[in-house]
Amino acid sequence: MRPQDVRLAGRSAAALYGVGAALLAAAAVLEDPDTGVAIADLAGFAVLIALVLVMLERRDRASLGLVFAADLIAIGIVAALVALTDGARSPYPPFYLLGVLHAAVFQSRPRFAIAGLAAVAALLAPLVYDSSDAAALAEFGLPALVPAILLACVVHVAVETLRQERRALATREAEALRIAELDELTGIGNYRRFWRALQSEAARARRHDQPFS
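Sequence order as written defines residue numbering, which begins from 1 separately in each chain. Only residues with pLDDT of 70 or above have their local features reported here, since the model is predicted, and side-chain atom pairs are shown and tallied only from 80 upward, although totals for entire chains, interfaces and linings are computed over all residues. No hydrogens and no water enter the side-chain calculation; it runs on all heavy atoms of the structure.

Chemist: Would you mind going over the overall build of the protein chain with me for this structure?
Modeler: Segments assigned H or I by DSSP are reported as helices when at least four residues long, segments assigned E as strands when at least two residues long, and all are numbered from the N terminus. A tally of regular secondary structure across the protein chain gives 8 helices and 0 strands. Listing each helix as α and each strand as β along the protein chain from the N terminus yields α-α-α-α-α-α-α-α. The dimensions of the protein chain, computed from C-alpha atoms along their principal axes, are 80 × 40 × 20 Å. Whether a residue is buried, partly exposed or exposed follows from its accessible area with a 1.4 Å probe, protein chains only, as a fraction of its type maximum: under 20%, in between, or over 50%, in that order. Residues classed as buried in the protein chain amount to 31% of the 213 residues present. Every residue pair with non-hydrogen atoms within 4.5 Å of one another is taken to be in contact. Sequence separation of at least 24 residues holds for 66% of the intrachain contacts in the protein chain that already meet a minimum separation of 6. Summing over all exposed atoms, the protein chain offers an accessible surface of approximately 13000 Å²; the carbon and sulfur share of this is 67%. Using a 1.4 Å probe, accessible areas were evaluated by the Shrake-Rupley method; residue-level cover was limited to the displayed protein chains.

Chemist: Please clarify how empty space enclosed by the protein should be interpreted in this entry.
Modeler: The rolling of a water-molecule-sized probe over the atoms marks out the regions of remaining empty space. For cavity detection a 1 Å grid was placed over the protein atoms alone, and a set of points counts as a cavity when a 1.4 Å probe fits there but cannot get out; an open set counts as a pocket when protein lies on both sides within 12 Å along at least five of seven lines, with lining residues being those that have an atom within 4 Å of a point. Grid points are joined across faces, edges and corners, and a volume is the space filled by probe spheres set on the points. As enumerated under the stated definition, the model contains 1 cavity of 30 Å³ or more in all. Taken as a whole, the largest cavity encloses approximately 220 Å³ of empty space. In terms of lining residues, the largest cavity is bounded by 15 residues, among which Gly20, Ala74, Ile77, Val78 and Leu98 are the most central. Residue classes in the lining of the largest cavity are distributed as 13 nonpolar, 2 polar and no charged. Three residue categories are used. Nonpolar comprises Ala, Val, Leu, Ile, Met, Phe, Trp, Tyr, Cys and Pro, charged comprises Asp, Glu, Lys and Arg, and polar comprises the others, including Gly.

Chemist: Help me out: how do you make sense of the nonpolar core in this one?
Modeler: One broad trend across soluble globular proteins is that nonpolar side chains are buried collectively. Counting residues in each nonpolar core, the largest one holds 39 residues, and the members touching the most others are Tyr17, Leu24, Leu53, Ile75 and Tyr96. Of all the elements in the fold, those that place two or more residues in this core are helix H1 (3–30), helix H2 (33–58), helix H3 (64–84), helix H4 (96–106), helix H5 (109–124) and helix H7 (134–181). Ranked by residue count, the leading element in this core is H3, at 10 residues. Throughout, nonpolar core names a set of buried Ala, Val, Leu, Ile, Met, Phe, Trp, Tyr and Cys residues whose side chains join them through atoms within 4.5 Å.

Chemist: How should I be thinking about the pattern of salt bridges in this particular structure?
Modeler: Where charged atoms from two side chains of opposite charge come close, those side chains can pair. Within this document, salt bridges are pairs made up of a side-chain nitrogen of Lys or Arg and a carboxyl oxygen of Asp or Glu, the two lying within 4 Å of each other. Inspection of every chain in the model, using the stated rule, returns 5 salt bridges. Residue Arg166 pairs with Asp5 through a salt bridge whose shortest N-O separation is 2.5 Å. Placement of Arg166 in helix H7 and of Asp5 in helix H1 is noted, with a sequence separation of 161 residues between them. Through salt bridges with shared partners, a single network forms among Glu160, Arg163 and Arg167.

Chemist: Quick question: what am I supposed to make of the environment of Ile114 here?
Modeler: Inspection of the secondary structure puts Ile114 in helix H5. Along the primary structure Ile114 and Leu72 are separated by 42 residues, whereas in three dimensions their C-alpha atoms are 8.9 Å apart.

Chemist: Quick question: what am I supposed to make of a nonpolar patch on the surface here?
Modeler: Note that patches include only residues with greater than 30% relative accessible area and no salt bridge, and the join distances are 9 Å for like charges and 5 Å for nonpolar side chains (Val, Leu, Ile, Met, Phe, Trp, Tyr). Residues Phe45, Leu48, Val52, Met55 and Ile73 make up a contiguous nonpolar surface patch of roughly 410 Å² in combined accessible area. Per-element accounting of the nonpolar patch gives the leading share, 4 residues, to H2. Looking at the secondary structure, you find Met55 in helix H2.

Chemist: Please explain H3 as it appears in this structure.
Modeler: Residues spaced three or four apart along an α-helix point in a common direction, a consequence of the helix completing one turn every 3.6 residues. Counted at 1.5 Å a residue, the expected span for H3 with its 21 residues is 30 Å, and the 30 Å between its end C-alpha atoms agrees. Considered for burial, the residues of H3 that qualify are Leu64, Val67, Phe68, Ala70, Asp71, Ala74, Ile75, Ile77, Val78, Leu81 and Val82. Asp86, located one to two residues past H3, shows a positive phi value of around 75°. Here, expected helix span is obtained from the residue count minus one, scaled by 1.5 Å.

Chemist: What exactly am I supposed to notice about unusual backbone geometry here?
Modeler: In most cases, non-glycine residues show a negative phi, while peptide bonds are predominantly trans. In this model, Asp60 sits at a positive phi of 60°, which is unusual for a non-glycine residue. Considering the arrangement of structural elements, one finds Asp60 in the loop between H2 and H3. Taking the relative accessible area as the measure of exposure, Asp60 reaches 61% and is therefore exposed. For Asp209, which is not glycine, the phi dihedral falls at a positive 55°. By the secondary structure assignment, Asp209 is in the segment after helix H8 (191–208). For Asp209, a relative accessible area of 67% puts it in the exposed group.

Chemist: Explain the packing of H3 against H4 here, please?
Modeler: Helix-helix packing is described using two parameters, namely the angle between the two axes and the distance between the axes. All axes are obtained by fitting lines to C-alpha atoms, using only the stretch in contact for helices, and the reported angles, taken between N-to-C directions, cover 0 to 180 degrees. Relative to each other, H3 and H4 sit at 165°, their axes nearing to 8 Å. With respect to H4, the element H3 is oriented roughly antiparallel. Between H3 and H4 lies a crossing of left-handed hand. Between H3 and H4, the residues in contact are Leu64, Val67, Asp71, Ile75, Val78, Ala79 and Val82 and Tyr96, Gly99, Val100, His102, Ala103 and Phe106, respectively. Taken together, the residues of the contact of H3 with H4 break down into 10 nonpolar, 2 polar and 1 charged. By definition in this entry, angles of less than 35 degrees are roughly parallel, angles greater than 145 are roughly antiparallel, angles of 65 to 115 are roughly perpendicular, and the rest are oblique. Crossing chirality is assigned from the near helix's rotation relative to the far helix, an anticlockwise turn below a right angle marking it left-handed and a clockwise turn marking it right-handed.

Note that all results are geometric; they support no functional claim without further evidence.
So this is what it looks like as structure tokens:
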């Protein structure tokens, strides 16, 4: 993936955490005081991760691995929110889709699959700490699970197809440029290659205030 794509992944992850922090803050106000304090802590944690992502992106230290870790942490934060707000009866499980969709857009297929499995496991987690949630989960969670998985898969396939087409186009463009700048008989650079190299060296000389020949 190109550096600008990695930067976009980091920036969008930071923006996702910013939006998530705002939603968590709203949820903290709507819930009862005891639960609201815990949700407010989650909001603060989300803000912290957003700031770290912004800092790493500005220093060109962002990577897809770090962004993937942020996607998984986002799923974990939603799981904590769901656990704090009635488990399977919580209104917040749809937020799992945000982290999965982000992974669908920017991550490879194996990582996207891991994010999807993590979200499914988090969705089913209320059954571990309260088996009475099974009815609520069957009524509300599971019917929405298949459409959510299909949506995420369609997004991933569409983005991956566009990415492959862009790589193929870049390869053809580079090949066309190579053919345009080389003499077919000798393989030596032609006038276009000479002129581009001359412009580059002249710019370097001006930048460093050094002569060249």
